[in-house]
Amino acid sequence: MPFPWRYLAYADGSFFRMDNIGGHLDAYTEVDLAHMDATRQRDEAEERKQARQPCSRCASPLMLHWHGPWGTGVWMELCEACDAGRPAARAFIDWHRDPDRDTNILPKLFEDWETETMHALGWYQAAEPEAPAAPPLHSSLVPRGRG
């Protein structure tokens, strides 16, 4: 079962992702989520004024520098020059550039890009293990008069 996320996309294509365990954020509107993220918005506005972080592969400015799945220690990079040939990255770049972007497809685009990037780095998502078969019913557990 994938981890549930709630996304808040801004007009410039940046976004905020927060965990939605048990659907606790389902009742919140986009305005409520933006208010929750107000401090981060102010901090990131200052960061955007400065130069974007360079790509580790070609040194051009990155579109996105994001932490990988929890526990991996991976930092993922989205570079327009280096990642244009990868399908999920290309779709994410196109979405980011589009001024009329549909924010409803952001979760799918992000998750596809994350999966594609982690595969390129040699990480693969393990299949969920099957539940073991139940042991046979013990005869003492059968009610009296039956069996």
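Residues numbered from 1 in each chain as written. Predicted model: local features only at pLDDT ≥ 70, side-chain atom pairs only at ≥ 80, totals over all residues. Heavy atoms only, no water.

## Observations regarding helix H4 (residues 106–120)
(1) Moving on: An ideal rise of 1.5 Å per residue puts 21 Å on 15 residues; H4 measures up with 21 Å between its terminal C-alpha atoms.
(2) Moving on: Buried residues of H4: Leu106, Leu109, Phe110, Trp113, Glu114, Glu116, Thr117 and Met118, and no others.
(3) Moving on: Just beyond H4, the residue with positive phi is Gly122, at close to 95 degrees. (Helix = DSSP H or I, 4+ residues; strand = E, 2+ residues; numbered from the N terminus. Expected span 1.5 Å × (residues − 1). Buried < 20%, exposed > 50% of the residue type's maximum accessible area, 1.4 Å probe, protein only.)

## What about the confidence of the model for the chain?
Residues shown with low pLDDT carry predicted positions that ought not to be read at fine detail.
(1) Moving on: Residues of the chain with pLDDT of at least 70 account for 74%, and the chain-wide mean is 76.
(2) Moving on: Mean pLDDT across the secondary structure elements of the chain bottoms out at helix H2 (residues 38–49), with 58, and peaks at helix H3 (residues 87–97), with 89. (pLDDT = per-residue confidence, 0-100.)

## Considering H3
(1) Moving on: Burial in H3 covers these residues: Ala88, Ala89, Phe92, Ile93 and Trp95. Each buried residue of H3 lies within a common arc of 160 degrees when the element is viewed along its axis, so the set occupies one face. (Arc of directions from axis to C-beta.)

## Brief notes about the pattern of salt bridges
(1) Moving on: The tally for this structure, following the rule as stated, stands at 7 salt bridges.
(2) Moving on: The closest approach of N and O atoms between Arg57 and Asp83, which form a salt bridge, is 2.8 Å. Placement of the pair is Arg57 in the loop between H2 and strand S3 (64–67) and Asp83 in the loop between strand S4 (75–78) and H3, with a sequence separation of 26 residues.
(3) Moving on: By relative accessible area, Arg57 is classed as partly exposed at 45%.
(4) Moving on: As a salt-bridge pair, Arg90 and Asp94 come within 2.9 Å of each other at their nearest N and O atoms. With Arg90 and Asp94 both in helix H3, this residue pair falls 4 residues apart, about one helical turn.
(5) Moving on: By relative accessible area, which is 23% here, Arg90 ends up partly exposed.
(6) Moving on: A relative accessible area of 38% means that Asp94 is categorised as partly exposed. (Salt bridge = Lys/Arg side-chain N within 4 Å of Asp/Glu carboxyl O.)

## Some details on the packing of H3 against H4
(1) Moving on: Where H3 contacts H4, the axes come no closer than 8 Å and their chain directions differ by 140 degrees. Remark: the crossing between H3 and H4 carries left-handed chirality. Where H3 approaches H4, its residues Pro87, Ala88, Ala89, Ala91, Phe92 and Trp95 are matched on the opposing element by Leu106, Leu109, Phe110, Asp112, Trp113 and Glu116. (Axes fitted to C-alpha atoms, helices over the stretch in contact; angles between N-to-C directions. Left-handed = near helix turned anticlockwise from the far one by under 90°. Contact = heavy atoms within 4.5 Å.)

## Things to note about the nonpolar core
(1) Moving on: Counting residues in hydrophobic clusters, the biggest one holds 18 residues, and the most contacted among them are Phe15, Leu64, Leu78, Phe92, Phe110 and Trp113.
(2) Moving on: In terms of residue count, the dominant contributor to this core is H4 (5 residues).
(3) Moving on: Apart from the residues lying within four places of it in its own chain, the contact partners of Trp113 are Leu64, Trp66, Met76, Glu77, Leu78, Arg86, Ala88, Ala89 and Phe92. (Core = buried A, V, L, I, M, F, W, Y, C linked by side-chain atoms within 4.5 Å.)

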